[in-house]
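Here is how the chains run, residue by residue.
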Amino acid sequence: MDLFEYNRSQNKELPLASRMRPATLEEFVGQQHIIGKDKLLYRAIKGDRLQSILLYGPPGTGKTTLAKIIANTTKSTFQQLNATTSGVKDIKECIAKAKDALGMYQQKTIVFIDEIHRFNKAQQDALLPYVEDGTIILIGATTENPYFEVNKALVSRSVLFELKPLTPENIKTILEKALKDEKKGVGEYHAQITQEALSFLADISNGDARKALNALELAVLTTQNEPGTSIIIDLNVAQDCIQKRALNYDKDGDNHYDTISAFIKSMRGSDPHAALYYLAKMLYAGEDPKFIARRIVIAASEDVGNADPHALQVAVAAAQAVDFIGMPECRIILAQAVTYISCAPKSNASYMAIEKALDDVRNIQIKSIPKHLQDCHYTGAKEMGRGVGYQYAHDFPGHYVPQQYLPDELADKIYYEPTENGIEKKIKQALKRLNKGSVKNDGTSTQ
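Each chain has its residues counted from 1, following the order in which its sequence is written. Whole-chain, interface and lining totals are the exception, using all residues; otherwise, since this is a predicted model, local features are given only for residues with pLDDT of at least 70 and side-chain atom pairs are given and counted only at 80 or more. To obtain the side-chain values, all non-hydrogen atoms of the structure were used and water was disregarded.

The secondary structure content of the protein chain amounts to 20 helices and 7 strands. Relative to the compact-globule value of 22 Å for 447 residues, the protein chain shows a C-alpha radius of gyration of 32 Å, a clear excess of over 25%. Each principal axis of the C-alpha atoms in the protein chain carries an extent, and together these give about 100 × 65 × 40 Å. Think of it in three bands: residues with accessible area under 20% of the maximum for their type are buried, residues over 50% are exposed, and the middle band is partly exposed, with areas taken using a 1.4 Å probe on protein chains only. Across the 447 residues in the protein chain, those meeting the buried criterion constitute 42%. Any two residues whose heavy atoms approach within 4.5 Å at even a single point are treated as in contact. In the protein chain, once contacts between residues fewer than 6 apart in sequence are set aside, the share between residues at least 24 apart is 72%. Using a 1.4 Å probe, accessible areas were evaluated by the Shrake-Rupley method; residue-level cover was limited to the displayed protein chains. When the accessible surface of the protein chain is split by element, carbon and sulfur atoms take 53% of a total near 24,900 Å². Side-chain charges in the protein chain split into 54 positive and 55 negative, and the spacing between the mean points of these groups amounts to 4 Å. Labels follow the DSSP assignment, with helices taken as runs of H or I lasting at least four residues and strands as runs of E lasting at least two, numbered in each case from the N terminus. Put simply, the radius of gyration uses C-alpha atoms, and a globule should come to 2.2 Å times the residue count raised to 0.38. Counting rule for charge: Lys and Arg are taken as positive, Asp and Glu as negative, and neither His nor the chain ends is counted. Note that the charge is assigned to NZ on lysines, CZ on arginines, CG on aspartates and CD on glutamates.

On to the sheet that holds strand β3 (residues 109–114), then. In this analysis, strands are considered paired if DSSP registers two or more bridges between them. Pairing in this open sheet of 5 strands is parallel, and the strands run β2-β3-β4-β1-β5 from one edge to the other. In this open sheet, the two edge strands, each paired with only one partner strand, are β2 (77–82) and β5 (159–162). With direction set aside, neighbouring strand axes in the sheet form an average angle of 15 degrees. Lines fitted to C-alpha atoms define the axes here, with helix axes fitted over just the stretch in contact, and angles between the N-to-C directions of these axes take values from 0 to 180 degrees.

What follows concerns the packing of aromatic side chains. Paired rings are identified among Phe, Tyr and Trp, the last through its six-membered ring, by centres lying within 6.5 Å, and are further divided according to the angle between planes into stacked (under 30 degrees), edge-to-face (over 60) and tilted (the rest). One pass over the full model with this rule turns up 1 aromatic pair. With 5.2 Å between their ring centres and 70 degrees between their planes, Y277 and Y278 make a pair best called edge-to-face.

Between its terminal C-alpha atoms helix α7 (residues 121–132) stretches 17 Å, which fits the 16 Å expected from 12 residues at 1.5 Å a residue. Buried residues of α7: Q123, Q124, L127, L128 and V131, and no others. Considered in projection along α7, the buried side chains sweep an arc of 155 degrees and stay on one side of the axis. Residues of α7 that are buried sit in contact with α6 (88–105), β3, β4 (136–142), α8 (146–149) and α9 (152–156). Contacts described as polar in this section are N or O atom pairs within 3.5 Å, which, within protein, must combine one atom able to donate a hydrogen with one able to accept it, while residues neighboring in sequence count only if both atoms come from side chains. Where α7 starts, the residue carrying a side-chain oxygen 3.1 Å from the main-chain nitrogen of A122 turns out to be N120. Note on α7: the residue one or two positions beyond its end, G134, has a positive phi of about 85 degrees. Helix span is expected to be 1.5 Å times the residue number reduced by one. To obtain the arc, one takes the directions from the helix axis to the C-beta atoms.

Further remarks concern a nonpolar patch on the surface. Nonpolar side chains (Val, Leu, Ile, Met, Phe, Trp, Tyr) within 5 Å and like charges within 9 Å form the patches, drawn only from residues with over 30% relative accessible area and no salt bridge. Within this document, salt bridges are pairs made up of a side-chain nitrogen of Lys or Arg and a carboxyl oxygen of Asp or Glu, the two lying within 4 Å of each other. Taken together, the side chains of Y351, M352, I354 and L358 define a hydrophobic patch exposed on the protein surface, amounting to about 330 Å² of accessible area. Mapping M352 onto the fold places it in helix α19 (residues 349–363). On the basis of relative accessible area, M352 is assigned to the partly exposed category, the value being 37%.

Turning our attention to the environment of M327. Here M327 lies in the loop between α17 (310–325) and α18 (330–343). With relative accessibility at 41%, the residue M327 sits in the partly exposed group. Each residue touching M327, except ones within four places of it in the same chain, is listed here: L283 and P289.

Here the nonpolar core consists of buried residues drawn from Ala, Val, Leu, Ile, Met, Phe, Trp, Tyr and Cys, with membership extended through side-chain atoms lying within 4.5 Å. Within the largest apolar cluster, 32 residues are counted, with the highest numbers of intra-cluster contacts made by L175, I193, L201, L213, L216, V220 and I233. The element contributing the most residues to this core is helix α12 (residues 209–222), with 7 residues. Look past the residues within four positions of L201 in its chain and what remains in contact with it is I171, L175, I193, A212, A215, A238 and I242. Listed in part, the 27 residues of the second largest apolar core include F263, I264, I296 and A318.

Take the packing of α6 against α7 next. Between two packed helices, what matters for the description is the angle formed by their axes and the separation of those axes. At a minimum axis separation of 9 Å, α6 and α7 run at an interaxial angle of 10 degrees. If you check the angle between α6 and α7, you find them roughly parallel. Judged by the sense of rotation from one axis to the other, the crossing of α6 with α7 is right-handed. Seen from α6, the contacting residues are V88, I91, I95 and K99; seen from α7, they are Q123, A126, L127 and Y130. Partitioning the contact of α6 with α7 into residue classes produces 6 nonpolar, 1 polar and 1 charged. Oblique is the label for any angle not covered by the other classes, which are roughly parallel (under 35 degrees), roughly antiparallel (over 145) and roughly perpendicular (65 to 115). Each helix crossing is assigned a hand: it is left-handed if the near helix lies turned anticlockwise from the far helix by less than a right angle, otherwise right-handed if that turn is clockwise. The classification used treats Ala, Val, Leu, Ile, Met, Phe, Trp, Tyr, Cys and Pro as nonpolar, Asp, Glu, Lys and Arg as charged, and all other residues, Gly among them, as polar.

This part is about the pattern of salt bridges. With the rule as written, the count across this model stands at 13 salt bridges. Ionic pairing is found between D303 and R268, a salt bridge with its closest N-O pair at 2.8 Å. Here the residue D303 occupies a position in helix α16 (residues 289–304), and R268 occupies one in helix α14 (residues 254–268), the gap between them amounting to 35 residues. Taking relative accessible area as the criterion, R268 reaches 37% and is therefore assigned partly exposed. Among the ionic contacts, a cluster of salt bridges with common partners joins R268, E302 and D303.

In a regular helix each residue adds 1.5 Å, so 16 residues correspond to 22 Å; α17 covers 22 Å between its end C-alpha atoms and thus fits that length. Of all the residues in α17, the buried ones are A311, A315, A318, A321 and V322. Down the axis of α17, the smallest arc covering the buried residues is 130 degrees, so these residues share one side. In this structure, α17 carries Q313, Q320 and F324 as exposed residues pointing more than 90 degrees from its buried face. On its buried face, α17 sits against α16 and α18. One or two steps after α17, the chain reaches G326, where phi turns positive at roughly 75 degrees.

Pasting the structure below:
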């Protein structure tokens with residue numbers, strides 16, 4: 001840490017979260033799975049033997065803090081870029097300085113890039129040759145899954161460390177330190193916090209230390225106290241300082257996909273309670289209700305199918321209603337559709353059937369459609385044998401006659417295999433009745 005950085009950290013005008021940022025690994029709270037004393041990252045930082053790494057995790061879990069700790073401990077030159085404000089020009093300047101440091105002083109350069117997922121492909125590509133040849137050691141921090149958002153070549157040349165949301169106990173430790181610290185924290189106010197309020201802030205911050213510290217600072221600075229008495233932060237004060245639970249949900253990010261995945265799997269798994277929770281989470285976080293409705297329609301066909309054909313009708317009706325009603329009332333419609341899909345009997349037979357059929361279309365060469373199924377409604381068609389031998393189903397008892405409909409190459413293929421669930425059980429029984437005898441290629445029955 002240089003003089004300017006030190007003075008900045010002592011500036012009481014900075015947010016509490018910035019002032020309380022740990023300067024050493026010993027001060028760091030949480031993430032013991034990657035910085036415990038026997039762990040790779042701890043050893044690499046302590047031994048100043050760091051290779052290119054990517055730090056991936058939700059906001060407020062310590063990614064930038066770890067980079068700052070590395071800056072304080074390394075003998076290498078340390079440069080920092082922020083992907084939201086830096087471009088290719090800044091990257092080139094950074095590389096030029098790194099080359100100078102390596103060429104003149106045999107000194108390596110660590111380049112920390114915050115929010116590296118915001119760099120476009122060209123910007124990420126500009127880093128690649130210099131990471132590969134060792135000109136720079138890259139530390140990239142991202143809230144998004146690097147496998148989706150970061151150049152695959154950069155990912156393959158870096159060690160990935162995933163930071164987890166801090167536990168409530170971690171958050172409590174951080175808040176208690178901030179309350180006592182008179183230099184960097186709010187210790188000079190001699191504020192006291194009830195265990196109930198402390199637990200509330202630790203829980204509602206969703207593992208984000210920054211949000212918890214911001215709420216604590218607001219509570220300390222805005223709570224009135226009588227002269228000669230301490231500031232008391234109770235549950236009412238804590239609740240007032242965080243008006244709404246901070247959800248770990250970015251509509252364009254990794255948690256978005258995890259949440260919608262859990263939502264779909266809960267409906268498929270016939271758990272209406274879990275499905276409603278994930279629905280509520282998405283709505284609370286501002287997800288587009290139309291997006292949710294589309295996923296419900298897909299689930300109605302993919303996971304319920306003919307076990308309950310009404311499920312698709314309910315889902316489509318819900319999607320249409322959501323389109324012209326909107327929030328907040330459409331939450332009720334979505335909830336109705338979600339609970340119906342969740343509780344309906346399940347079958348993916350239709351979904352599996354079309355997948356098998358598509359696989360055969362891709363991989364099996366079919367010479368022609370059977371002659372008796374070919375179009376015969378034009379002059380000369382019958383003379384060519386087209387349509388000859390076709391039996392009109394409605395001319396037969398039960399409106400059914402056994403004949404071959406699949407191409408010769410697939411004559412015995414079975415695609416749709418109904419389950420024993422719901423309406424599909426009746427469909428399965430009907431198919432068994434209709435297919436008691438086998439069918440020869442000329443369309444006649446063996447019975």
